[in-house]
Amino acid sequence: MSITPEHPAALDRRAVLRRAAAVGVLATPAIGLLGACATSGSDGDNEQVAGGTKSEKNPLGVKEDAAIEVVIFNGGYGEKYATDVHEPLYKKAFPKAEVKHQATQAVSTVLQPRFASGNPPEFVNNSGEKLMDFGALVADGQLQDLTELWDAPSVDDPTKKVRDTVVPGTIEAGSFNGKPFVLYYVSTVFGIWYSGKLFKDNGWAPAKNWDEFIALLTKIKAKGITPYGYAGANAAYYQWNVILTHAAKIGGTDVLKNIDNLEDGAWQQDAVKQAATAWAEVGAKFSDKSFEGLKHTDVQLRQNQYKVALYPSGDWLEGEQKKDTPAGFDYQLMPVPSMSASDKLPATALRATAGEGYFVSAKSKNPKGGLEYMRQMLSTAGAKGFTEVVKAPTVVTAGSEGFAFPPGVASSQAALKAAGQDVFNLYFDGWYKELDTEARTATNELMFGRINADAFVERIQKRADAIKKDSSVTKFKR
Amino acid sequence: MRHGKYPFVIGFLFAPVALYVTFVIWPYAQAFQISMTNWRGLSAPQWVGFDNYRRLLDDGAFWKAVQHHGVLLLALPLITIAIALFFAFLLNVGGKSSGGQRQGVWGAKFYRVVFFFPQVLAVAIIAVLFQMVYRPNESGLINGVLMKFGIEPILFLVKPNLALWSIIAVLVWQAVGFYVVLFSAGMASIPGEIYEAAEMDGATKVTLFFRVTLPLLWDTLQVAWVYLGIAAFDAFAIVAVLSVDGGGPDGATTVLAMEIYRNAFVYSKYGYASAMGVALFFLTLTFAALTLRLTKRESVEY
């Protein structure tokens, strides 16, 4: 055995090691490759098809034999409503046109490269965890202006414009700076859900104001059931939604408008602070610390097992939990309770919107075809068919009539009716994803007791201010 | 034959080098280019110079991630190598000697296979498995047992000061098996006579380990250190799947790749994300260069 100095020329272990390490370095930040999908070949090398002749049956002037490509997010609503209802409707109207169907669970993964290379599909259901940023798409001129669609005569009654066949607020929900770009199709009502059976068995009643609510939570806690909870691991926005809904009821809908418009000090408005203080108390006294580590499906399952009494969500909840809901569970919705008699909005007020976004690509080959596809979706037959397949109400007023909804959706539809004109919505999460992320993080910090309401509004305000100053982010107003 | 050598070599190298340049070098170069733009993933990017890098300087999440890489860089290699060395020593030379040949502990062959199991599983599956292990209620593997004994559940991934260590534990668990095998191979190539001679001189097992095994394994240790260091700059899959709220709570477990992912695929800020990618590239490069420099020492030949 001898100890020799490293031999300089030969390919010794050290040299191999050094080279191996270099390769390792090059292989690691593979994420650096994300730009690999080229920035070069963009901007419409796409020849658009000429328009067809306008007629009563074809008010948008679609070329009758031009193909359209439909991409559907295969999530909670599946893809069956498209293949069995909407696509056949389009085929029926234009028998010579080919309808190409594609379904995916990762919209942006599949479509980002297509947009970057200037060859997007005509019609897209942009939804799910991997949806593409609507704000970025709008800012980039990728979305077709839907004004033409909303002003077109409807399929069922040519004397009525499409815009008059949908529930109020639908067009606004999909508008950016006043221009409609997105069709939100599914009527969505937000609130706090409970089991009708659990409440009936225990003689509990849904609360209308804050004192009743706290009394209710206390009673539930005494019974050994976790009174209230949401999933911190991935669904914190269910809870900021409750806090902001509460804030809107306290201070009026302008509270939310200011937040959406990134007004100075919007998050520090008194109403937001009051709501945050109230809910922080619920988090501290009536929830379970372990929920921060649970996913939404975990907490929802616990509610189905009668271990959690109240859970905030939208009215997709009942459909989502269908497999796990025990017989007789009887989902019921209660609007977020009001704070006091001095609230600006009544106790019945709630947040409702149209959900599940669809758009037509402006730079696709056949954008007119995409608009026509939407017009077919918005026909009574299209809406009824959708509701029958997925058991969810659409924004088409005539589509839900006479349909026997399951108890949860029936109760949310009843609550929506009871709210009358006091229905509001908020948009900042779709416009500014970063603000959504910050609000989620801050909500977990607040609800699981690491910060107080003052720190909560302060840190979100800080991020909102930063976004306001950031020139690379396109701003929206309502 | 001598004068025809270069065309011959070049002919063979052309295809792999062309592939490597197209699919590895070129995207890297492009990432540098994109990092100087405000590209949002759709239309042509606009040049913004060093704006993205300036913005990095006051991005709290970025610095948090860098800090976590610092912790990972120290903890992951140290803990993994220590455990792997201990196990490898037991498996190879920790047992009785028979016929002058050092043996591992009883059942060493079986253990070697078991230790390697985690390496066979996909990272995402490991993360999902540990979701079950760490689950903060009665259905969690650890907390289920604790709660049976009436102990309060431990909120592994939720407590800000515990979350990162819970993640590190998973990374270590996953890595140890591979390094046990690597060190075992290294130990197998150490001649038995050296151990025999040392033992005759009255060396204990501890002395054997520190005076014989460790110095003769130096090269292998270096490889392990560099690889684990590089792994510490990644950790994306485990953090993305396992942590609360994507690198939470409140960024307590975030890593650079997580922030890059968020900026690129959630906020559509590809330019800014690329700037982070470039920063990560240089961090990794600096680490590898430093490690090789610092661990440079004369190797022992036998």
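Predicted model, so just to flag it, every value in this text is computed and none were measured.

What is the right way to look at the overall build of chain B in this model?
From N to C terminus, chain B includes 13 helices and two strands. Viewed in the frame of its principal axes, chain B has a C-alpha envelope of about 80 × 75 × 30 Å. For chain B, buried positions account for 41% of its 302 residues. Counting only contacts in chain B whose residues sit at least 6 apart along the sequence, the fraction spanning at least 24 positions is 65%.

Is there a simple way to think about the overall build of chain A in this case?
Of the regular secondary structure elements, chain A holds 19 helices and 11 strands. Expressed as a percentage of its 478 residues, the buried residues of chain A come to 52%. Within chain A, residue pairs in contact and separated by at least 24 positions form 76% of the contacts whose partners lie at least 6 positions apart.

Whenever I open this one, the domain arrangement of chain A confuses me. Can you help?
Size of an interface, as often reported, equals the accessible area lost when the parts are brought together. Residue and element names in this part refer to chain A. Per the domain assignment, the segments making up chain A are domain 1 (68–188 + 353–420) and domain 2 (190–350 + 426–469). For domain 1 versus domain 2, the separation of C-alpha centres amounts to 28 Å. Of all the elements in the fold, those that place two or more residues in the side of domain 1 that touches domain 2 are helix H4 (134–139) and helix H16 (407–419). Examining the composition of the side of domain 1 that touches domain 2, we find that eight residues originate from one element, H16, more than from any other. Partitioned by chemical class, the residues of the side of domain 1 that touches domain 2 number nine nonpolar, six polar and two charged.

Help me out: how do you make sense of the UniProt feature "transmembrane region" (unreviewed entry) in chain B in this one?
The feature "transmembrane region" (unreviewed entry), as given by UniProt, occupies residues 7–29, 71–93, 113–134, 162–182, 224–244 and 270–292 of chain B in the numbering adopted here. Along residues 270–292 of chain B one finds 100% helix and 0% strand; the C-alpha atoms at either end are 33 Å apart.

Any chance you could explain the confidence of the model for chain A here in plain terms?
Predicted coordinates in areas of low pLDDT are best not read in detail. Residues and elements named next belong to chain A. For chain A, per-residue confidence averages 85 on the pLDDT scale, and 90% of positions sit at 70 or higher. Across residues 1–17, confidence stays below pLDDT 50; counting only partners more than four residues off in sequence or on other chains, it has 18 contacts. In this model residues 20–44 is a low-confidence stretch, pLDDT under 50, and it forms 59 contacts with partners more than four residues away in sequence or in other chains.

Any chance you could explain the environment of B:Val66 here in plain terms?
Residue and element names in this part refer to chain B. In this structure, Val 66 sits in helix H3 (residues 60–92). A tally of 17 C-beta atoms within 10 Å means that Val 66 is categorised as partly exposed. Val 66 sits 125 residues away from Pro 191 along the chain, and the two C-alpha atoms are 43 Å apart.

Explain unusual backbone geometry to me, please; I cannot follow it from the model alone.
Residue and element names in this part refer to chain A. For Tyr 306, which is not glycine, the phi dihedral falls at a positive 60°. Judged by the 15 C-beta atoms lying within 10 Å of it, Tyr 306 is partly exposed. If you check the backbone angles, Lys 391 has positive phi at about 60° while not being a glycine.

Explanation requested: the confidence of the model for chain B in the structure shown.
Mean pLDDT over chain B works out to 86, with 93% of the residues at or above the 70 mark. The ipTM assigned to the predicted complex is 0.83, against a pTM of 0.80.

Explanation requested: H3(B) in the structure shown.
Structurally, the α-helix is built with 3.6 residues per turn, so residues lying three or four positions apart point the same way. Between its first and last C-alpha atoms H3(B) spans 47 Å; for 33 residues at 1.5 Å apiece the expected length is 48 Å, and the two agree. At B:Leu72, H3(B) shows its maximal bend, which comes to roughly 25°.

How each quantity is defined
Residues numbered from 1 in each chain as written. Chains lettered and ligands numbered in written order. Predicted model: local features only at pLDDT ≥ 70, side-chain atom pairs only at ≥ 80, totals over all residues. Helix = DSSP H or I, 4+ residues; strand = E, 2+ residues; numbered from the N terminus. Buried ≥ 20, exposed ≤ 12 C-beta atoms within 10 Å, placed from the backbone. Contact = placed C-beta atoms within 7 Å. Domains from an automatic or database assignment. Nonpolar A, V, L, I, M, F, W, Y, C, P; charged D, E, K, R; others polar. UniProt positions renumbered as here; feature names shortened; annotations may be inferred. pLDDT = per-residue confidence, 0-100. Expected span 1.5 Å × (residues − 1). Bend = angle between axes of the 7 residues up to and from the residue.

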